[in-house]
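Residue-level structural notes
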Amino acid sequence: MQQHRGWTQTIRTWWSGERAEEAAPLEEAPAAGEKRSNPRRPFYKGAAVLTIVILLYGREAHGQFGIDVGLIIAALHQMQGLMQNYISAPLKTINQSQQNIASYEQQVMYPLQSIQQARNSVTQFESQFRQLSRSFNLNISSATLPQSQGFESVLLSRNPSNLASLTNQFQNVYGPVMAQGAASPDMRNMTDTTDAQAQDAMKRAIQIDALSDTELAEADKMGQQISVAAPGSAPILEAEADVWVVRANAYTQAALAELMRTRAIDIANQSKVKKIGTSQNSVTNGLITTSLGH
Amino acid sequence: MTNVFFTPFNSATLSSPQQLETVLHSRDVSQLGSLTSSFHGNFGTVPVANSAAPQDRIMMDIDDTLGQESLKTTIISDQAQDSILATADALENQVAVSTPGSSPFLTAQAQVANLRSQAYMQKMLAAELRQEAGMIAHENTLMKRRAQDAGDIGNQFKTALTR
């Protein structure tokens with residue numbers, strides 16, 4: 001308080017100029033009775049008033065280049081508040097949802113134990129099927145004579161490149177079509193058609209054997225891939241297997257079609273034999289009738 | 001279904017056919033070797049040389065061969081059926097405890113098993129094709145022979161009648 005009064009007294013004294021000599025002790029002392037006055041005092045007074053006015057009523061300070069730091073800070077504070085209210089809270093909700101989803105996927109949708117169990121099952125199935133595929137590759141030949149052994153080796157070869165050699169082997173076993181003049185044209189046509197169908201069926205059998213081997217090899221390959229696949233890639237392998245099944249169905253249908261043709265030729269042959277018999281009977285009857293008429 | 005499918009049935013009454021039937025119904029590929037002897041026990045062997053026409057011997061041999069091939073294929077296929085049925089049962093058990101994440105493995109495996117099943121069926125069809133083709137080829141050979149014989153007899157008949 002005393003200090004405050006001291007400052008007030010100093011300012012009042014300075015304003016009235018009563019002890020100006022103390023402020024400038026080195027200046028030359030004026031003559032007695034002459035009133036001392038500083039010519040710059042009005043300027044100092046004006047400057048002091050101006051300073052006070054600026055301090056009391058001056059505008060807020062501006063930073064360098066005219067940027068209002070105060071406004072920026074206020075805006076930043078406001079933005080921080082907005083972010084906390086409208087962004088941070090929803091983000092927390094999203095994060096919680098994501099954690100819930102991840103937990104659901106790990107525990108319900110894609111539990112690692114269940115996936116591993118399925119993979120182990122696939123591995124076990126594959127092992128059994130590989131053993132079974134070997135059974136289909138067992139040697140089942142049983143011919144004892146050279147001609148039939150050669151023919152059988154082609155039939156069971158599972159190799160389509162042997163198709164060309166089948167005709168010779170076939171004729172070694174079943175004989176060729178009768179020579180011209182040795183039988184009626186009808187009979188020769190029938191036997192040729194029948195031989196052709198028999199050979200076609202055998203050739204188709206070789207092709208089907210080769211195709212089924214390819215399918216089994218592909219099944220082995222896909223089975224191995226499934227046993228190490230990810231849950232996302234297993235459906236792709238399933239789609240691939242679907243495509244192969246569709247293809248296999250077509251091959252099965254081709255084999256069935258060949259089988260139907262073979263049986264159709266068989267029944268047509270029986271009918272043809274009756275027709276030929278009837279025709280030959282007519283010829284024979286004519287000959288007998290003619291000879292009896294002589 | 002399993003009980004119905006695996007209910008055994010036998011029809012042979014004599015010892016040799018019973019033995020063959022047992023082998024045929026064995027569903028066991030290790031029995032393939034005994035099938036040949038059992039087959040010969042029931043259907044005989046190819047006649048020795050000079051006891052039948054060469055063509056007949058060859059045809060008897062190839063007919064026996066095709067017959068045995070088909071019978072052996074059925075035994076292998078029976079075993080394949082058992083494996084496929086066992087796989088179906090195992091897959092069904094797995095499906096019962098599967099999760100959405102593990103079921104794609106099982107469906108993919110089922111499709112691969114389906115593909116294998118198709119391949120086995122094709123092998124059976126190939127054997128059936130060989131057998132049917134052999135059957136019509138055999139009949140056709142007999143037809144050729146009869147035609148040849150008929151031609152010969154006809155010529156002799158004509159010659160006799162036109163004298």
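Residues numbered from 1 in each chain as written. Chains lettered and ligands numbered in written order. Predicted model: local features only at pLDDT ≥ 70, side-chain atom pairs only at ≥ 80, totals over all residues.

Focus on the overall build of chain B
Using the following cut-off: Numbering of helices and strands runs from the N terminus; a helix is a DSSP stretch of H or I covering at least four residues, while a strand is a stretch of E covering at least two. Restricting the calculation to C-alpha atoms gives the radius of gyration, and the globule rule supplies 2.2 Å times the number of residues raised to the power 0.38. Placing a C-beta atom from the backbone of each residue, one calls two residues in contact when those atoms lie within 7 Å.
Check the secondary structure of chain B and you find 5 helices and 0 strands. The N-to-C order of helical and strand elements in chain B reads α-α-α-α-α. Against the globule reference of 15 Å for 163 residues, chain B gives a C-alpha radius of gyration of 24 Å, more extended than a compact globule. With respect to the three principal axes, the spread of C-alpha positions in chain B is 95 × 35 × 25 Å. Expressed as a percentage of contacts within chain B between residues at least 6 apart in sequence, the contacts between residues at least 24 apart total 64%.

Section: the overall build of chain A
To keep it simple, the criterion reads: Using C-beta atoms placed from the backbone, we call a residue buried if 20 or more other C-beta atoms fall within 10 Å of its own, exposed if 12 or fewer do, and partly exposed for counts in between.
If you tally the helices and strands in chain A, you get 9 helices and 0 strands. Per-residue burial over chain A gives 22% buried out of 294 residues. Considering only residue pairs separated by 6 or more positions, chain A has 61% of its internal contacts joining residues 24 or more positions apart.

Looking at the packing of helix α8 (residues 185-227) of chain A against helix α9 (residues 234-293) of chain A
Residues and elements named next belong to chain A. As a reminder of what qualifies: Every axis in this analysis is a line fitted to C-alpha atoms, fitted for helices over the stretch in contact. Angles between the N-to-C directions lie between 0 and 180 degrees. Here the angle decides the label: under 35 degrees means roughly parallel, over 145 means roughly antiparallel, 65 to 115 means roughly perpendicular, and every other value means oblique. Crossing handedness follows the turn of the near helix against the far one: under a right angle anticlockwise gives a left-handed crossing, and clockwise gives a right-handed one. Here the term charged refers only to Asp, Glu, Lys and Arg, the term nonpolar to Ala, Val, Leu, Ile, Met, Phe, Trp, Tyr, Cys and Pro, and the term polar to all other amino acids, Gly among them.
Packing of α8 against α9 brings their axes to within 10 Å, and their N-to-C directions diverge by 165°. By the criterion of interaxial angle, the relationship of α8 to α9 is roughly antiparallel. Crossing angle aside, the handedness with which α8 passes α9 is left-handed. Looking at the contact of α8 with α9 residue by residue, the class counts come to 17 nonpolar, 6 polar and 9 charged.

Some points on the packing of α9(A) against helix α5 (residues 103-162) of chain B
Interaxial distance between α9(A) and α5(B) falls to 9 Å at its minimum, and their mutual angle equals 15°. As judged from the angle between their axes, α9(A) and α5(B) are roughly parallel. At the point where α9(A) passes α5(B), the crossing takes the left-handed sense. Its residues assigned to classes, the contact of α9(A) with α5(B) comprises 26 nonpolar, 10 polar and 8 charged.

Looking at the nonpolar core
Nonpolar side chains tend to gather and get buried jointly when the protein is soluble and globular. For clarity, the threshold we go by: Defined on buried residues, the nonpolar core groups Ala, Val, Leu, Ile, Met, Phe, Trp, Tyr and Cys residues joined through C-beta atoms within 7 Å.
Among the nonpolar cores identified, the biggest contains 67 residues, and A:M202, A:I226, B:F105, B:V112 and B:L129 are the most heavily contacted of them. Only α5 (112-136), α6 (146-155), α7 (163-174), α8 and α9 of chain A together with α4 (54-96) and α5 of chain B provide two or more residues apiece to this core. Residue contributions to this core peak at 16 residues, all from α5(B). For B:L129, the contacting residues outside a window of four places in its chain are A:A201, A:M202, A:R204, A:A205, A:A255, A:E258, A:L259 and A:T262.

Brief notes about the interface of chain B and chain A
Quite often, the size of an interface is put as the accessible area lost when its parts meet. Tallying the contact residues gives 61 residues for chain B and 79 residues for chain A. When residues of the side of chain B that touches chain A are traced back to their parent elements, those giving at least two are α3 (32-43), α4 and α5 of chain B. For the side of chain B that touches chain A, the element with the highest residue contribution is α5(B), accounting for 34 residues.

Remarks on the confidence of the model for chain B
Residue and element names in this part refer to chain B. What counts, and what does not: Per residue, pLDDT measures the predictor's confidence, with a range of 0 to 100.
Here chain B averages 92 in pLDDT, and 100% of its residues register 70 or above. Mean pLDDT values over the elements of chain B span from 84, in helix α1 (residues 2-5), up to 95, in helix α2 (residues 15-24). Here the predicted complex carries an ipTM of 0.88, next to a pTM of 0.75.

Regarding the environment of A:N120
Relative to the helices and strands, A:N120 resides in helix α5. With 139 residues separating them along the chain, A:N120 and A:L259 place their C-alpha atoms 40 Å apart.

What about the domain arrangement of chain B?
Residues and elements named next belong to chain B. Applicable threshold: These domain limits were set by an automatic method or by a database of domain assignments.
The domain boundaries assigned to chain B delineate domain 1 (11-45) and domain 2 (46-162). Between the C-alpha centres of domain 1 and domain 2 the distance comes to 18 Å. The partner domain 2 presents 10 residues to the 12 residues of domain 1 that form the contact. Among the elements that take part in the side of domain 1 that touches domain 2, α3 stands out by supplying 5 residues, more than any other. Residues that form the side of domain 1 that touches domain 2 fall into these classes: 6 nonpolar, 4 polar and 2 charged.

Topic: α6(A)
For clarity, the cut-off: To obtain the arc, one takes the directions from the helix axis to the C-beta atoms.
Three or more residues of α6(A) are buried, namely A:Q147, A:S148, A:F151, A:E152, A:V154 and A:L155. Angularly, the buried residues of α6(A) cover 160° about the axis, an arc narrow enough to put them on a single face. On its buried face, α6(A) sits against α7 and α8 of chain A together with α4 and α5 of chain B.

Description of unusual backbone geometry
Positive phi values are uncommon outside glycine, yet A:R158 reaches one of about 60°. Counting through the fold element by element, A:R158 comes out in the loop between α6 and α7. In the Ramachandran plot, B:R27 falls in the positive-phi region, its phi being about 55° despite a non-glycine side chain. Counting through the fold element by element, B:R27 comes out in the loop between α2 and α3. Here B:R27 falls in the partly exposed class, since 16 other C-beta atoms lie within 10 Å of it.

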